[in-house]
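Summary of structural features
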There are 2 protein chains.
Amino acid sequence: MVDDEAQISRALAVNLKARGYEVDVAGSGEKALDIAARVHPDAVILDLGLPGMDGTDVVRGLRGWSSVPIIVLSVRDSERDKVAALDAGADDYVTKPFGMDELLARLRAAVRRATPASEEAIVATDHFEVDLAAKKIQKAGEDLRLTPTEWHLVEVLVRNRGKLVSQRQLLQEVWGPKYEEETNYLRVFMAQIRRKLEPDPARPRYFITEPGMGYRFIPD
Amino acid sequence: MVDDEAQISRALAVNLKARGYEVDVAGSGEKALDIAARVHPDAVILDLGLPGMDGTDVVRGLRGWSSVPIIVLSVRDSERDKVAALDAGADDYVTKPFGMDELLARLRAAVRRATPASEEAIVATDHFEVDLAAKKIQKAGEDLRLTPTEWHLVEVLVRNRGKLVSQRQLLQEVWGPKYEEETNYLRVFMAQIRRKLEPDPARPRYFITEPGMGYRFIPD
DNA sequence: GGCGGTCCTAACGCGTTCTTAACGCCTCGG
DNA sequence: CCGAGGCGTTAAGAACGCGTTAGGACCGCC
């Protein structure tokens, strides 16, 4: 949730939490982009009346790397504003004042839409098994623990199985937009991941390096 | 479009067609379900003020087999109605009267969302297969590795398949604006690419040189 | 306050990739 | 018939990227 007015965000946050949502609140656009890059929210509720950064720029900033549903809140009811926000990439535009039930319904609609019905949650290879939904990995029948960063990296690669994921994208998704140059991190963590998952870490079979480009997860 | 009032539907339909949309108009819910099943629309605009069948039932009827984006129009502004429609599976709810520009923006947002970003991007020839999305090349059933620069060059040519791509453009896209004169690079890398992909590298069949101008990729 | 776990950082050696230059061939125009 | 320019080919050195390792910073927990 992105809002600088403590009152509204407080009320909304309480309401959302009561319904079982986890809520992070950002007080500015910059903060919002920062947090979003770290926690990967399932949806974003964005108040346009922010000081500093323009609301539509926040939308564009998010859309640069994420397709997370964005619901825009605003006191401004003009068509111009609505069209601008929606065309910038927002999913919905709600004018204040609004009813809580309506917002919640629109949130449900947005989240529902964003969740593709058919997503294979379990990916198995001959040597291990990744459960994306449960965030668990099994190897040789045993549960295997990954650190949060390791898991995040594995998750991105497995979600894009078969596809080459660029270094930029990995860094951006796992560490945030400011870390796009830190290819060092990738090397360190890929080594750890391979040590835990690959049958022969020195000669990777599943987590393949494409020199100069990125990494690729290949199931059997 | 589902609407029984000829006036509104007429105005909307004209507007949509003027913007290049193809429009089918259904005057009742039953008709709407019927037409939708036949033509598989890219989006549905549904007026709730229909005689006969209830609007939310139309939504449910569509959702039974389709995930087409549904935008609901209604004169009723109560939260109850909005929540009901959205929870039935509608994607958006617009209260009449509304601005045409807003509706069009919401329509664009809905359609954009429904179109998965990842389109199948595989270009195949008799001798190899280029997957632009996964950044992968298969030749004789085997995965083939290209270096970053090689791949970049192939990518530009394949994206412009059939078309002549000038040396300037290739150099600029792959090496940057400062390298527009370095036609040497092109010769070196085209040779490498041909060695990896062409059935007879000395007599190129897919990556054709247009002397003095540039190169061209020709699929079968 | 100590401890375990996690992440960041820097440095090294190695293999790959890019750059650069040179040479011969072909085509085309004079 | 000759010369020039463009192209393909090759090879070698330079530059870069990768995997690996280890030490130190940071954080939450006991």
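Numbering of residues begins from 1 in every chain and follows the order in which that chain's sequence is written. To read the labels, note that chains go from A and ligands from 1, taken in the order they are written. Since the coordinates come from a predicted model, pLDDT governs what is reported: local features require at least 70, and pairs of side-chain atoms require 80 or more to be given and counted, while whole-chain, interface and lining totals use all residues. Each side-chain value is worked out from all heavy atoms of the structure, with water and hydrogens disregarded.

Looking now at the protein's contact with DNA strand C. For DNA strand C, the set of nearby residues contains 17 residues, the closest of which are Arg145(A), Thr149(A), Tyr185(A), Thr149(B) and Tyr185(B). Of all DNA strand C atoms lying within 4 Å of any protein atom, the proportion belonging to sugar or phosphate reaches 81%. Any pair of N or O atoms that falls within 3.5 Å is considered a polar contact. Within protein, one atom must be able to donate a hydrogen and the other to accept it, and sequence-neighbouring residues count only if both atoms are side-chain atoms. The separation between a phosphate oxygen of DNA strand C and a polar side-chain atom of Arg145(B) is 2.5 Å. The separation between a phosphate oxygen of DNA strand C and a polar side-chain atom of Trp175(B) is 2.8 Å. Strands are runs of DSSP state E lasting at least two residues, helices are runs of H or I lasting at least four, and both sets are numbered from the N terminus onward. Every element with two or more residues in the surface near DNA strand C is listed here: helix H6 (148–159) and helix H8 (183–197) of chain A together with helix H6 (148–159) and helix H8 (183–197) of chain B. Per element, the largest residue contribution to the surface near DNA strand C is 4 residues, and it comes from H8(A). Polar here means any residue other than Ala, Val, Leu, Ile, Met, Phe, Trp, Tyr, Cys and Pro, which are nonpolar, and Asp, Glu, Lys and Arg, which are charged; Gly is therefore polar. Its residues assigned to classes, the surface near DNA strand C shows 10 nonpolar, 5 polar and 2 charged. Proximity is defined per residue: if any heavy atom of the residue lies within 4 Å of a molecule or strand, that residue is considered near it.

Another aspect to go through is helix H1 (residues 6–18) of chain A. Residue and element names in this part refer to chain A. Multiplying 1.5 Å by the helix residue count minus one yields the expected span of that helix. The first and last C-alpha atoms of H1 sit 18 Å apart over 13 residues, in line with the 18 Å expected at 1.5 Å per residue. Exposure is judged per residue with a 1.4 Å probe applied to protein chains only, and the accessible area is read against the type maximum: over 50% gives exposed, under 20% gives buried, and values in between give partly exposed. Of all the positions in H1, only Ser9, Leu12, Ala13 and Leu16 are classed as buried. The buried side chains of H1 occupy one side of the element, clustering within an arc of 100° when seen end-on. Those residues of H1 that are exposed and angled more than 90 degrees off the buried face are Gln7, Arg10, Val14 and Ala18. Note that the arc is computed from the directions linking the helix axis to the C-beta atoms.

Okay, the side chain of Asp47(A) next. All names here are of chain A. For Asp47, the location among the structural elements is in strand S1 (residues 44–47). Polar side-chain contacts of Asp47 include one of 2.6 Å to the side chain of Lys96. Once you skip the residues sitting within four places of it in the chain, Asp47 turns out to touch Val2, Asp3, Glu5, Leu73 and Lys96. Contacts were defined at the residue level, with two residues in contact if any of their heavy atoms lie within 4.5 Å.

Turning our attention to the sheet that holds strand S10 (residues 214–217) of chain B. All names here are of chain B. We call two strands paired when DSSP finds no fewer than two bridges between them. Ordered by their spatial adjacency, 3 strands build an open sheet running S8-S10-S9, and the pairing between neighbours is antiparallel. On the outer flanks of this sheet lie strand S8 (164–166) and strand S9 (207–210), each paired with one strand and no other. In this sheet, adjacent strand axes meet at a mean angle of 30° when their direction is disregarded. Across 3 bridges, S8 lies against S10 in antiparallel orientation. Bridging across to S10, Val165 finds its partner in Tyr215. Under this scheme, a helix contributes an axis fitted over its contacting stretch, all axes are lines through C-alpha atoms, and angles between N-to-C directions fall in the 0 to 180 degree range.

Bringing the interface of chain A and chain B into the picture now. Taken residue by residue, the interface counts 28 residues in chain A and 29 residues in chain B. Two residues, Asp87(B) and Arg108(A), come together in a salt bridge whose shortest N-O distance is 2.8 Å. Counting the contacts that link chain A with chain B gives 23 residue pairs in polar contact (both at pLDDT 80 or more). Listing elements by their share of the side of chain A that touches chain B, those giving two or more residues are helix H4 (79–88), strand S3 (92–95) and helix H5 (100–114) of chain A. Here the side of chain A that touches chain B takes 9 residues from H5(A), the largest share from any one element. Salt bridges are defined as contacts in which a side-chain nitrogen from Lys or Arg sits within 4 Å of a carboxyl oxygen from Asp or Glu.

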